[in-house]
Amino acid sequence: MQAINASGPVPTTKQITKVAIASIVGSVIEQYDFLVTGIIAATVWGGIFFKLHALAAVAAAIGVYGIGIMIRPVGAYIFGNIADRAGRKNALVYALVLMGVSTLLIGLTPTYATIGIAAPILLIVFRLAQGISFGAEFGTASTWVIEQAANSKYRAFWGAWVGFAIPIGLLLGFGSVIFVKSLMSEADFIAYGWRIFFFIGFAVAIVGLVIRLRTEDSYLFESLRSERKVLDYPAARVWREMPLRILRTSVVNAMFSGAFFLCFVFGTSYMKVVGFTAGQAEGIGLIAAAAMLMFMIIGAFLADRLSRRTVLLTSAIVFLIFAIPYFYLINTHELVLAAIAEIIGFGFVFGFGYGAIPAFYTENFPTRYRDSGASAGYQISQVYGGGLIPILAGLILHSVGIKHAFIYIGLLVMAYALMAIVAILSTHETKGIDLSD
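Quick notes on the rules
- Residues numbered from 1 in each chain as written.
- Predicted model: local features only at pLDDT ≥ 70, side-chain atom pairs only at ≥ 80, totals over all residues.
- Heavy atoms only, no water.
- Helix = DSSP H or I, 4+ residues; strand = E, 2+ residues; numbered from the N terminus.
- Buried < 20%, exposed > 50% of the residue type's maximum accessible area, 1.4 Å probe, protein only.
- Contact = heavy atoms within 4.5 Å.
- Areas by Shrake-Rupley, 256 points an atom, 1.4 Å probe, with all protein chains shown as cover.
- Salt bridge = Lys/Arg side-chain N within 4 Å of Asp/Glu carboxyl O.
- pLDDT = per-residue confidence, 0-100.
- Phe/Tyr/Trp six-rings, centres within 6.5 Å; stacked < 30°, edge-to-face > 60°.
- Lys NZ or Arg CZ within 6 Å of the ring centre and 35° of its normal.

A. Looking closely at the overall build of the protein chain. Per the secondary structure count, the protein chain includes 19 helices and zero strands. The dimensions of the protein chain, computed from C-alpha atoms along their principal axes, are 60 × 50 × 35 Å. Looking at the protein chain as a whole, 57% of its 437 residues qualify as buried. For the protein chain, restricting intrachain contacts to residue pairs at least 6 apart in sequence, the fraction spanning at least 24 positions comes to 86%. Summed over all atoms, the accessible surface of the protein chain reaches about 16800 Å², with 70% contributed by carbon and sulfur.

Written out as structure tokens, the structure is:
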């Protein structure tokens, strides 16, 4: 590891841990929302917010859910600019305020029966605000903790704390949905029960806000600011100077979006079609999410021990090979084999690779616009990865039906895996580089 040339005392392990905890809070809320909102949009929102026939109402509700993902690059640009000018901590505080308020307002939005067309309009506005706030989370949180741990031999491990939010958020999301549904009838859940999750999100945002306000900014950013090297327009500058690097790094995360959709969203629905009960499918998802956390820790340590590219390539190659066999294991109708399929396809591919992702993104950009670059690369992948793949998969499902769609959807995400492999191979290794530049 090269020496860091920044002025001031090097952060202690306790100080790094404090930033790591502060960075993970908003990311947990984001993943919790990703799961819970997806479930509620598909099962509740269509009937209460849109005056349309059944399928059109569901499609409209899922569309509202989708715009929260599609708008994230805007949030990445806005908050990346704030983070690179005013500080990583400040950007995450502002983002968490917006996240908490918009989440609460979604939970309070009246139904179509109460206020008419204003209901879906308000839902869309609040979902857009929520999506903009989420656009800040990954890149800024990763930058904050990686910069604080710039001198550590375990930089990827500290960065992976942001990634830990994914399985933790999924476990909390799954657990809360199962728990709340067990307490009430389906009619009560549709009438008011679904709103509980957004009130929970708001409460957690307040806790996160308190934690973040009591935490210092990153070691490297404070050094940059003290040397008066902060740029006026960092978000625009990084696009002018490093557009190919932004696009190349984005391709890597697009593959993980494909893995998430194939093995978690579509995979769960496919399990129900071939004969597994909803409870069995959800139970397998919980097991895979727990396995993901374990594999993420292993991947992070190996990223520090070996290299970021080794971990990412391993994940991409396994996904490329396993995308189609994943469905053959589910087709056996054997619970154990289906669980193994989900543990490999989702738990390992997503978890192991994500052990290196926060470090990979942040280490690819210099301090002066690190947050803007990392946030841009990560969030634009959500558009053509997390946003486009479900659209294409929907067209495939409509054309060939769910029992045969897995072959074509598998080939689709395999193409994303191939692109990720090329992108990883064409990116220089960043393990051990001096981050003070």
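Once you've had a look at it, read on.
B. Layout of the pattern of salt bridges. Within this structure, the stated rule accounts for 11 salt bridges. Here Glu241 makes a salt bridge to Arg368, at a shortest N to O gap of 3.9 Å. Taken together, the positions of Glu241 in helix H11 (residues 234–241) and Arg368 in the loop between helix H17 (357–363) and helix H18 (370–400) put the pair 127 residues apart, joining distant regions of the chain. Given a relative accessible area of 38%, Glu241 falls into the partly exposed group.

C. Broad picture of the confidence of the model for the protein chain. Scored by pLDDT, the protein chain has a mean of 88; 97% of the residues are at 70 or more. Note that residues 1–7 has pLDDT below 50 and, in this model, 25 contacts with residues that lie over four places away or in other chains.

D. Spotlight on the environment of Gly63. Turning to its location among the elements, Gly63 is positioned in helix H2 (residues 54–70). Overall, the relative accessible area of 35% leaves Gly63 in the partly exposed class. Sequence separation of Gly63 and Lys181 is 118 residues, and the distance between their C-alpha atoms is 24 Å.

E. Broad picture of the packing of aromatic side chains. Taken as a whole, this structure holds 29 aromatic pairs when the rule is applied. Plain terms: the ring middles of Phe327 and Phe406 are 5.1 Å apart, the flat faces sit at 35° to each other, and that makes the pair tilted. A residue pair is termed long-range when its members are at least 10 positions apart, and Phe327 in helix H15 (residues 325–330) and Phe406 in helix H19 (residues 402–425) qualify at 79 residues. Taken as a pair, Phe327 and Phe406 share a single burial class, namely buried. Here the aromatic cluster, defined as three or more aromatic residues joined through ring pairs, consists of Tyr154, Phe157, Trp158, Trp161, Phe164 and Phe301. Positioned above the aromatic ring of Phe189 is the side chain of Lys181, whose terminal nitrogen or guanidinium carbon lies 5.4 Å from the ring centre.

F. Structural view of the side chain of Thr37. With respect to the helices and strands, the residue Thr37 is situated in helix H1 (residues 13–49). On the basis of relative accessibility, which here comes to 1%, the residue Thr37 falls in the buried class. Excluding its chain neighbours within four sequence positions, the residues that come into contact with Thr37 are Trp45, Tyr65, Arg127 and Phe198.

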